[in-house]
Amino acid sequence: MKLLVILSLLVVACHGLSVKQQRSFPSDFLFGCATASYQVEGAWNEDGKGESIWDYLTHNNPGAVQDQSNADITADSYHNYKRDVEMMRELGLDAYRFSLSWSRILPTGFANEVNPKGIEYYNNFIDEMLKYGITPMVTLYHWDLPQKLQELGGLANPLFADWYEDYARVVFENFGDRVKHWITFNEPREICYEGYGFDNKAPLLNSSAVGTYLCAKHLVLAHANAYHAYNNDFKPTQGGVCGITVSINWFGPLTDSAEDEFAAEIARQAEWGLYTEPIFSTEGGFPKEFSERVAEKSAQQGYLWSRLPAFTEEEKARALGASDFLGVNHYTSRLISATEYKSTGAVPSLVDDEDIGIYVPEDWPVAQSPWLVMAPDSIYNALTHLHKKYNSPVIYITENGWSIGPGRDLIDDDRITYYRAALESVLDTLDAGVNLKGYMAWSLMDNFEWLEGYTARFGLYAVDFEDPARTRTPRKSAFVYKHIIKNRYIDHEYEPETMTMTIDEGN
Ligand code: PNW
């Protein structure tokens with residue numbers, strides 16, 4: 001008898017060990033998808049919308065885009081927004097992150113003239129989402145600056161912070177009764193480095209030595225203005241939260257040498273610390289070591305001031321703590337070396353200021369977009385670092401995704417592999433106690449991928465860009481994501497039985 005009991009206990013114990021513990025996402029964890037106005041809306045000049053810098057770039061310099069395309073129509077969400085909400089319901093999304101087109105709301109960029117049709121479009125869209133219990137998460141600026149403001153210098157002009165506050169107030173006033181999650185800027189690095197410092201995003205300014213840093217300072221101050229405007233004048237009655245989304249990929253050391261550790265820290269400071277440090281650190285201002293490096297190089301290069309402008313004490317105090325959460329767009333990782341794999345950048349430039357080597361192991365799979373590689377523990381490494389560095393802020397992953405080639409291929413197994421690994425990393429991150437509240441997949445549907453045009457597709461839904469109706473069709477990954485959201489765990493064996501989508505009861 002005793003033996004039998006021991007034996008059966010053993011069987012139970014072994015069984016427990018062999019079945020990997022099923023980890024689940026908290027019931028209040030927000031699962032969503034993300035898009036951006038210029039990439040999906042179309043209707044570029046309809047109903048009073050003004051020209052944006054992306055309209056200007058694609059119309060005047062089409063050769064800059066890989067396939068010479070533009071987003072004049074793109075997925076035409078301006079006319080298809082009801083279908084978009086239907087897709088959200090099919091997937092069972094808790095939330096949807098989208099952005100507002102500044103020039104659709106304020107055609108000249110300034111708040112003297114509000115376009116009622118622009119307000120109406122977003123009102124209808126927001127109301128349609130709310131009708132089905134989908135939480136709107138709204139980005140005020142996802143790269144489509146009104147062209148008129150660019151002509152005045154755009155983010156290189158210190159007055160930008162005031163223009164941006166005026167715009168933000170119009171937005172809070174019109175939509176804040178229903179929108180409770182605000183994101184001021186999407187990806188400062190891509191705005192400032194790729195747009196002002198380089199020629200990879202509008203306005204293709206290629207002024208890495210000075211432009212990137214001017215933009216960084218004014219963007220942080222504009223964010224702080226909008227945050228305080230919300231906090232003082234809207235939050236008391238509207239009760240939402242306001243944060244910023246920064247692209248935070250992981251930059252780890254290539255080896256565990258102190259030199260590589262330091263080089264990786266410099267990379268983190270230059271790539272995203274410029275934007276997080278002034279807001280989320282305890283000291284405020286731009287990151288210390290990188291600031292010292294730019295100041296030193298600037299002096300050697302004959303500048304009478306550091307190319308990285310300092311904040312005044314008052315500005316520093318205004319930006320510090322000015323965020324209710326940190327939005328993180330996370331896609332990939334890089335390994336950083338102090339001595340190996342260095343590329344020679346122009347002098348002076350941000351790349352020269354960084355002076356680091358970047359390595360990507362050959363066995364990390366590469367997406368259609370060459371910069372996007374699948375790295376192990378990528379989300380976990382980045383988010384646990386932020387958690388420690390910035391005293392456990394509330395974090396949302398506001399973008400994460402994988403591109404495939406052009407066309408409407410519906411079987412996207414490599415994307416499924418990526419999403420499952422990413423979401424396992426999210427579970428590891430939650431286990432580590434990080435204050436992570438939600439995850440938005442990029443993207444709900446195929447869209448205009450900036451200078452990659454339509455050559456890279458990120459959609460859970462394929463879009464037929466040849467069809468005037470811009471028909472949307474779910475890919476296999478859409479079914480897998482839906483299954484995860486519904487069950488709150490990742491079933492690695494799950495295969496959709498059919499490719500027919502339906503709306504589950506309650507959605
Ligand atoms: C984001 N990187 O851009 C943007 O927010 C989206 O508009 C865009 O479509 C999406 O990611 C996919 O590219 C990024 O170099 C661009 O790591 C570059 C990087 C990350 C994000």
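Predicted model only: the values in this text are computed from it and were never measured. (Residues numbered from 1 in each chain as written. Predicted model: local features only at pLDDT ≥ 70, side-chain atom pairs only at ≥ 80, totals over all residues. Heavy atoms only, no water.)

Turning our attention to the overall build of the chain. Each helix and strand in the chain was counted, giving 18 helices and 13 strands. Here the C-alpha radius of gyration of the chain, 23 Å, is about what a compact globule of 507 residues would show, namely 23 Å. Over its C-alpha atoms, taken along the principal directions, the chain stretches across nearly 90 × 55 × 50 Å. Looking at the chain as a whole, 59% of its 507 residues qualify as buried. Expressed as a percentage of contacts within the chain between residues at least 6 apart in sequence, the contacts between residues at least 24 apart total 76%. When the accessible surface of the chain is split by element, carbon and sulfur atoms take 52% of a total near 20,200 Å². Counting 42 positive and 72 negative side-chain charges, the chain places the averaged centre of each group 4 Å from the other. (Helix = DSSP H or I, 4+ residues; strand = E, 2+ residues; numbered from the N terminus. Rg over C-alpha atoms; globule rule 2.2 N^0.38 Å. Buried < 20%, exposed > 50% of the residue type's maximum accessible area, 1.4 Å probe, protein only. Contact = heavy atoms within 4.5 Å. Areas by Shrake-Rupley, 256 points an atom, 1.4 Å probe, with all protein chains shown as cover. Lys, Arg positive; Asp, Glu negative; His and termini not counted. Charge placed at Lys NZ, Arg CZ, Asp CG, Glu CD.)

In low-pLDDT regions, the fine details of the predicted coordinates are not to be read closely. For the chain, per-residue confidence averages 96 on the pLDDT scale, and residues scoring 70 or more make up 96% of the total. Across residues 9–19, confidence stays below pLDDT 50; counting only partners more than four residues off in sequence or on other chains, it has 0 contacts. (pLDDT = per-residue confidence, 0-100.)

Glancing now at the environment of Q300. Residue position: Q300 is located in helix α13 (residues 288–300). In the structure, Q300 is positioned 267 residues away from C33 in sequence and 47 Å away in space, judged by C-alpha atoms.

Within a pair of aromatic rings, the relevant descriptors are the distance that separates the centres and the angle that separates the planes. On inspection of all chains with the given rule, the structure shows 48 aromatic pairs. Between F172 and W182 the ring centres are 5.1 Å apart and the planes differ by 70°, which places this aromatic pair in the edge-to-face class. Of this pair, F172 sits in helix α8 (residues 160–175) while W182 sits in strand β4 (residues 181–186), placing them 10 residues apart in sequence. An aromatic cluster is present here, built from F25, F29, F31, W402, Y418, Y419, Y439 and Y481 joined pairwise through their rings. Its guanidinium or amino end placed over the ring of Y132, R89 lies 3.7 Å from that ring's centre, counting from NZ or CZ. One Lys or Arg, R104, reaches over the ring of Y121 and ends 5.9 Å from the middle of that ring. (Phe/Tyr/Trp six-rings, centres within 6.5 Å; stacked < 30°, edge-to-face > 60°. Lys NZ or Arg CZ within 6 Å of the ring centre and 35° of its normal.)

Near the ligand you find 15 residues, and of these Q39, H142, N249, E399 and E449 are the closest. Taking H142, its side chain carries an N or O atom lying 2.8 Å from an oxygen atom of the ligand. Here an oxygen atom of the ligand sits 2.5 Å away from a polar atom, N or O, in the side chain of E449. For the ligand, whose free accessible area comes to 460 Å², the fraction covered by protein is 95%. More than half of the atoms belonging to the ligand lie within 2 Å of the grid points that define the largest pocket. (Near = heavy atom within 4 Å. Polar contact = N/O pair within 3.5 Å; in protein donor to acceptor, adjacent residues only side chain to side chain. 1 Å grid on protein atoms, 1.4 Å probe; cavity = no way out; pocket = protein on both sides within 12 Å on 5 of 7 lines; lining within 4 Å. Sits in = over half its atoms within 2 Å of the grid points.)

With that settled, the discussion passes to the packing of helix α12 (residues 258–280) against helix α16 (residues 378–389). Interhelical geometry of α12 versus α16 gives an angle of 60° and a closest axis separation of 14 Å. The orientation of α12 with respect to α16, classified from their angle, is oblique. The crossing of α12 and α16 is right-handed. Residues E265, R268, W272 and E277 of α12 lie in contact with α16, whose contacting residues are H385, L386 and K389. (Axes fitted to C-alpha atoms, helices over the stretch in contact; angles between N-to-C directions. Parallel < 35°, antiparallel > 145°, perpendicular 65-115°, else oblique. Left-handed = near helix turned anticlockwise from the far one by under 90°.)

Right, let's get into helix α4 (residues 77–91). The terminal C-alpha atoms of α4 lie 18 Å apart, and with 15 residues this falls more than 12% below the ideal 21 Å at 1.5 Å per residue. The sharpest bend along α4 reaches about 35° and sits at R83. Across the 15 residues that make up α4, a large majority, 11, are buried. Taken as a whole, α4 has its buried residues at S77, Y78, N80, Y81, D84, V85, M87, M88, R89, E90 and L91. Note on α4: the residue one or two positions beyond its end, G92, has a positive phi of about 75°. (Expected span 1.5 Å × (residues − 1). Bend = angle between axes of the 7 residues up to and from the residue.)

Turning to the pairing of strand β2 (residues 95–99), a few remarks are in order. Across the 5 residues that make up β2, a large majority, 5, are buried. Here β2 shows no split at all, with A95, R97 and S99 on one side and Y96 and F98 on the other all buried. Here 3 bridges tie strand β1 (residues 30–34) to β2, and the two strands are oriented parallel to one another. The partner of G32 across the bridge, within β2, is A95. (Pairing = 2+ DSSP bridges.)

Right, let's talk about the state of the cysteines for a bit. The term disulfide refers to a covalent linkage connecting the sulfur atoms of a pair of cysteines. Enumeration according to the criterion identifies 1 disulfide in this entry. Disulfide pairing is shown between C192 and C215; the S-S distance is 2.1 Å. Judged by the sign of its S-S torsion, about -70°, the cystine formed by C192 and C215 is left-handed. Highlighted residues: C192 in helix α9 (residues 188–197) and C215 in helix α10 (residues 211–233), separated in sequence by 23 residues. A residue is classified by how much of its surface remains accessible, and C215, at 0% relative accessible area, is buried. Here C242 stays free of any disulfide, with the sulfur of C192 as its closest cysteine sulfur at 17 Å. (Disulfide = S-S within 2.5 Å.)

Note that E271 resides in helix α12. Among residues more than four places away in sequence, those in contact with E271 are R189, F251 and E354.

On to the pairing of strand β3 (residues 135–141), then. Along β3, 6 of the 7 residues are buried, which leaves the element largely enclosed by surrounding structure. Direction of pairing for β2 relative to β3: parallel, over a ladder of 5 bridges. By the bridge assignment, Y96 is partnered in β3 with P136. Summarising the sheet, β3 and β4 pair through 4 bridges and their orientation is parallel. Bridging across to β4, V138 finds its partner in W182.

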